[in-house]
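Listed here are the chains, written in short residue letters.
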Amino acid sequence: MSILGLTTPLPTYPPHFNLLSLIRPNILSLQPYRCARDDFDQGILLDANENAIGHSIEESDPLITLLPKNLNRYPSPTHDDIKTRIASLRNLPGPEYVFLGVGSDEVIDLVMRVVCAPGRDKVMVTPPTYGMYSVTAQVNDVEVVKVPLDVEGGRFSLEVDKVNSTLSSDPSIKLLFLCSPGNPTGTLIPLKDIIAILENPTWNGLVVVDEAYIDFAGVTEEVSAASLVDKYANLLVSQTLSKGFGLAGIRLGLALASPPLIQILMNIKAPYSVSTPTAHLAFTALSPSSLAQFNQNIASLNANRSYLLQNLPSIPGVGAILGGNHANFLVVQILGKEGGKVDNERANEVYLRLARREGVVVRFRGKEVGCEGCLRVTVGTREECEVVLRRLREVLAE
Ligand SMILES: Cc1ncc(COP(=O)(O)O)c(C=O)c1O
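Residues numbered from 1 in each chain as written. Predicted model: local features only at pLDDT ≥ 70, side-chain atom pairs only at ≥ 80, totals over all residues. Heavy atoms only, no water.

Student: Can you explain the overall build of the chain? Please cite residues and give values.
Tutor: A count of helices and strands for the chain gives 13 helices and 11 strands. Computed over the C-alpha atoms, the radius of gyration of the chain is 23 Å, within 12% of the 21 Å expected from 2.2 N^0.38 for a compact globule of 398 residues. Overall size of the chain, expressed as C-alpha extent along the three principal axes, is 75 × 60 × 35 Å. Across the 398 residues in the chain, those meeting the buried criterion constitute 52%. Within the chain, residue pairs in contact and separated by at least 24 positions form 69% of the contacts whose partners lie at least 6 positions apart. (Helix = DSSP H or I, 4+ residues; strand = E, 2+ residues; numbered from the N terminus. Rg over C-alpha atoms; globule rule 2.2 N^0.38 Å. Buried < 20%, exposed > 50% of the residue type's maximum accessible area, 1.4 Å probe, protein only. Contact = heavy atoms within 4.5 Å.)

Student: Summarise the site of the ligand; cite the residues concerned and give the values.
Tutor: Close contacts around the ligand come from 13 residues, with Ser104, Asp210, Tyr213, Thr240 and Ser242 the closest. A distance of 2.6 Å separates an oxygen atom of the ligand from a polar atom in the backbone of Ser104. Asp210 is positioned such that a nitrogen or oxygen atom in its side chain is 2.6 Å from a nitrogen atom of the ligand. Broken down by element, the shell around the ligand gets its largest block of residues, three residues, from helix H4 (residues 103-115). For the shell around the ligand, the per-class residue count stands at four nonpolar, five polar and four charged. (Near = heavy atom within 4 Å. Polar contact = N/O pair within 3.5 Å; in protein donor to acceptor, adjacent residues only side chain to side chain. Nonpolar A, V, L, I, M, F, W, Y, C, P; charged D, E, K, R; others polar.)

Student: Quick one: what's the story with the nonpolar core, residue by residue and with numbers?
Tutor: Formed by 58 residues in total, the largest nonpolar core has its most connected members in Leu176, Ile194, Ile197, Val207, Leu235 and Leu256. In terms of residue count, helix H7 (residues 191-198) provides more of this core than any other element does, four residues in total. Counting contributing residues per domain, this core is built from domain 1 (19-286) and domain 2 (291-397), each supplying no fewer than three. Once you skip the residues sitting within four places of it in the chain, Ile197 turns out to touch Leu158, Val160, Val163, Asn164, Leu167, Leu176, Leu178, Trp203 and Val207. (Core = buried A, V, L, I, M, F, W, Y, C linked by side-chain atoms within 4.5 Å. Domains from an automatic or database assignment.)

Student: Describe the sheet that holds strand S6 (residues 235-240), with residues and values.
Tutor: In space, the seven strands of this open sheet follow the order S1-S7-S6-S5-S4-S2-S3, with mixed pairing throughout. With one partner strand each, in any of the chains shown, strand S1 (98-101) and strand S3 (143-146) form the two edges of the open sheet. The mean angle between the axes of side-by-side strands here comes to 25 degrees, regardless of whether they run parallel or antiparallel. Bridging between strand S2 (residues 122-125) and strand S4 (residues 173-179) involves four bridges; their strand directions are parallel. In the sheet register, Lys122 faces S4, and the bridge partner there is Ile173. (Pairing = 2+ DSSP bridges. Axes fitted to C-alpha atoms, helices over the stretch in contact; angles between N-to-C directions.)

Student: Lay out helix H3 (residues 80-89) in plain terms, naming residues and giving numbers.
Tutor: Working note: α-helix, 3.6 residues per turn, so residues spaced by three or four point in the same direction. Buried residues of H3: Ile82, Lys83, Ile86 and Ala87, and no others. Along the axis of H3, the buried residues cluster in a sector spanning 135 degrees; they form a single face. In the core, the buried residues of H3 are packed alongside S1, strand S7 (253-257), helix H9 (259-268) and helix H10 (276-285). (Arc of directions from axis to C-beta.)

In structure tokens:
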């Protein structure tokens, strides 16, 4: 068995990892969809049943005048220009290490479908964590094994030995989802912990490190598992333009992995999943001048995060701020009126009052492991931070 379309040899590190035996046989043997445009994309294009006249959107629409003129044509199936910019941003050798998806939620779904047979295979998650891993598993009829983080004192650290022994004891676990910085923990996973799992010689599975929030976590090259992608064939790092880049509306997520895994994702994806407007905006968002603005925006949001961190503790009724605070949100404990103990019911009431009466929507996370009595507050603009501090103080004084 080989991987269709792969032009480079299979990687050999780590030595215990066998990619071909991990991928579901039906995926390996798949003949990907091909269109004439894969071979010829110039001339009179009468191959794809597009509308030769063009779209019919009225010209007064403010957006349509700004968009590329070729919306009647299917977009590129590969978008190599965007991939090249991403590879350069993340210090990877080239576009063959990058996959583009409709948000990183699509990447999560695709990678699960590549390695997990419905009704038979399992994935592992480390709660508290992002809810879509389990939702996607349920949609795909894949069982979820949970090894919670060490939540003592809001630490939220990975129990590496437990993770490794559980992985080794159950060969039907094919995927491990780690989230760094975690949602809702805001905590970075040290690269040495990720390496300890990648090097586990008794588990032939894939580690997915979800780095949706990595741009808020400091010097990306030092904290991102993207730096391990060129070495480890059993690693996939997912990232997104939805958070640090402020482009949640265009739906562009990405996977960084070794070329064989990227090729497999390319083979199974819908041919034109990333739209022309999305591709156009993503390409520009990765230009040098946009990246300068991106860095400024990250610095501003991180300054606002520090402002919240400084001011939240002085509000009576606010308890500890949990986790590592490496993302664009904070996890804040709410205390009971008497005795100062963490109070889940009050946290939920505060959440509802803030939303219904004060027009400030945060997220109640009190049902998550280790997050009793917690609200997750996204870092907003400076004005929004001032409002949330004021309204929280008022609601907690009632
Ligand atoms: C940890 C994590 N991963 C992935 C996503 C999904 O991001 P995208 O907008 O790229 O689908 C989110 C969204 O909130 C998230 O919190």
